[in-house]
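# Overview (structure and organization)
This is what each chain is made of:
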Amino acid sequence: MSECNVDDAASNEAWVPFKDRPEWRDLKPIPQDDGPDPVVQIAYSEQFREVYDYFRAIIAADEKSERALSLTKEAAELNPANYSVWNYRRNILQELNKDLKEELKYISQVIEDNPKNYQVWHHRRVIVEWLEDVTDELKFTEKILKEDAKNYHAWQHRQWCIQQFSLWDQELDYVDRLLKEDLRNNSAWNQRHFIIKNTTGYTDEIIKKELKYSQDFIRKAPNNESAWNYMKGVLQERKLFDFPGVLEFCHELYSKQIRSPFLIACMIDCYEEMLELGKPKKEETLQKATQLCNELAEEHDTLRREYWQYIARSLASKYGADVSGDS
Amino acid sequence: MGTSVKDIVIPSNAPKSLLLLKHADYIVSYGEKKDDYEYVMTEYLRMNGMYWGLTSLALVGHLDKMNRSEVIEFVLKCQQDCGGFSCSIGHDPHLLSTLSAIQILTLYDAVESVNTDAVVRWIKSLQQTDGSFYGDKWGEVDTRFSFCAVACLALLGRLDEINVDKAVEFVVSCMNFDGAFGCRPGSESHSGQVYCCVGMLSLAGRLHHVNADQLGWWLCERQLPSGGLNGRPEKLPDVCYSWWVLASLKIIGRLHWIDKNKLVEFILACQDEETGGFADRPGDMVDPFHTLFGLAGLSLLGDTTVKAVNPVLCMPEELLKKSKIQFQYL
């Protein structure tokens, strides 16, 4: 899997070709060997070609110098996704014992310009590891997430920092803020689970609190997949019936004519669990569950008709011979 | 249902039938047009690009349009001393390009022409004590790399060389409360990662770790009213997810849970009638990446003008029949 988009090449203003730079006169550029008749040919701009010809030359000479460092900067600007450029840049940073705080500032800028790029985030992580200093990281990822609250790379980096440097304390407040801004932010719901799982864990008390928390959000937007998934995730290792109120909550919404497929799916889960636990009124429960499956298949979620018919069939075959979910 | 979801509307004049030959021409002539510069700006994903292009051609039955020996020669030149393959000559080796290289060689039945012992040694060296894999020596961990490592070794018939139990343990630790998978333990679920994890578990023969009904539902929830599939909740539909979601559903035996006709309509609408090729969404620029996943998606959906595609490795089934790879399906 690769990123679906590649950023535009850096702006071309006032660029001086390497052949016109005296400090590079001693180095012989190495042209790209495209291989014969490549399947995916690449059109190079002149600048691009030259920068990479010199980049190949410094690698071939294993040159780790100030000018090589600045060359990697030019190469990275033209293509921040080129991982070899970042690898070599790190080799030079180590060799020349460069100020890593400066590097962090530099990579911040690059990430802000290319926030959806694996290589630049990885470079940042290595620098933070070398520095063993995480002071700016939460603030920095917040800045990126302000632009795109679901940026996968930013979340990955943030989780790594939190875990590596034990920055758990304020994170639930941050998540809460994000969810108040956008209650459909699936990344924020995921982060909520990540934090609780790694700190207090889902104790009985926390589960009650989180059920209420997610239910309050569901009331505001009953068709929000993320909040429903979170609510069920909270109860992942328990039974829905260990914590009374889930089915009542669903009934409350259903009686208000809400017909979100996630709501009805949750009701079906509750009924299935009742059947599993051998609760009384088995036939009636099964009847209710299969009827809801049919409602979804025929009316509220026709796109997933096959799925709902499957659920109805499997409930019927498990818990009753007579009731069939097929329509 | 109260609230609207993020989605697109398919234009009424969008293509409705498969332009098979156009796609072959598009791949063959890719790169002659300056416009394509934006997509593949440099050689850093050349090997992946070749895999996307060659597999697209193989799926439409035109692999012979490329020069076999020249392609193989290029791939051989990208094998580094450590054994791994780089994306292009003179680049650093990476698991992502190594899988593409092995896949290309398999397409051409030419795996024997590389030093397979060296590849195997290198892949083994990237496995960590927790079972995860580095993508290269710089230490990035991602379930994509678990898939790449296991897929390479399966294609080479050397899966027993790594600690498969540990590798499985790591992938399973990336399973989330919604039944789907992310990049690392605790990372948000993402269809692309689901494909990698489910594919890896299929090759390892450990699909019993998956809660197939729960994951299947999460996957088919990715289908939007337009028929297209997204990668995560509240994201726009995209042809490449047609592959990752569909292939995962196929592997866990739940492909029939989505609305096939609507998805076919969406994928066909992403073709460019003039240039050939597929884009991420109707009306956008086409590229080889989405072209492969559009074609492969249609194949899984039963379009018989495209060759049957293997859902785990995204390669023509007929080429894999000869191999002894064991694919587990639910």
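Scroll up a little and you will see the structure.
Quick summary incoming for the structure in this document. (Residues numbered from 1 in each chain as written. Chains lettered and ligands numbered in written order. Predicted model: local features only at pLDDT ≥ 70, side-chain atom pairs only at ≥ 80, totals over all residues. Heavy atoms only, no water.)

### Let's talk about the packing of aromatic side chains
The description of an aromatic ring pair rests on the distance of the ring centres and on the angle between the ring planes. Enumeration over the complete set of coordinates arrives at 33 aromatic pairs over all chains. Both rings, one in Trp308(A) and one in Trp217(B), keep their centres 6.0 Å apart while their planes meet at 70 degrees; by these two values the pair is edge-to-face. Of the two residues, Trp308(A) sits in helix H15 (residues 305-319) while Trp217(B) sits in helix H9 (residues 212-220), which places them in two different chains. Arranged with centres 6.3 Å apart and planes meeting at 20 degrees, the rings of Phe327(B) and Tyr329(B) form a pair that is stacked. Above the plane of the ring of Tyr254(A) lies Arg259(A), whose end atom (NZ or CZ) is 3.6 Å from the centre. (Phe/Tyr/Trp six-rings, centres within 6.5 Å; stacked < 30°, edge-to-face > 60°. Helix = DSSP H or I, 4+ residues; strand = E, 2+ residues; numbered from the N terminus. Lys NZ or Arg CZ within 6 Å of the ring centre and 35° of its normal.)

### Some thoughts on the environment of Leu301(B)
Residue and element names in this part refer to chain B. Residue placement: leucine 301 occurs in the loop between helix H12 (288-300) and helix H13 (317-320). Separated by 246 residues in sequence, leucine 301 and threonine 55 have C-alpha atoms that sit 17 Å apart. When neighbours within four sequence positions are excluded, leucine 301 is seen to be in contact with Leu246, Lys260, Leu263, Val264 and Ile267. (Contact = heavy atoms within 4.5 Å.)

### Brief notes about empty space enclosed by the protein
Residue and element names in this part refer to chain A. Enumeration according to the criterion identifies 6 cavities of 30 Å³ or more in this entry. By volume, the second largest cavity is sized at about 110 Å³. Taken together, the elements giving at least two residues each to the lining of the second largest cavity come down to helix H3 (83-95) and helix H5 (118-131). In terms of residue count, H3 provides more of the lining of the second largest cavity than any other element does, 4 residues in total. Tallied by class, the residues present in the lining of the second largest cavity amount to 4 nonpolar, 4 polar and 3 charged. (1 Å grid on protein atoms, 1.4 Å probe; cavity = no way out; pocket = protein on both sides within 12 Å on 5 of 7 lines; lining within 4 Å. Points joined across faces, edges and corners; volume = space filled by probe spheres on them. Nonpolar A, V, L, I, M, F, W, Y, C, P; charged D, E, K, R; others polar.)

### Comments concerning the side chain of Glu295(A)
Residues and elements named next belong to chain A. If you trace the backbone, glutamate 295 turns up in helix H14 (residues 282-300). Buried charged residue glutamate 295 carries no salt bridge. Nearest counter-charge: arginine 259, at 4.2 Å. For glutamate 295, the side chain forms a polar contact with the side chain of tyrosine 254, separated by 2.9 Å. (Buried < 20%, exposed > 50% of the residue type's maximum accessible area, 1.4 Å probe, protein only. Lys, Arg positive; Asp, Glu negative; His and termini not counted. Salt bridge = Lys/Arg side-chain N within 4 Å of Asp/Glu carboxyl O. Polar contact = N/O pair within 3.5 Å; in protein donor to acceptor, adjacent residues only side chain to side chain.)

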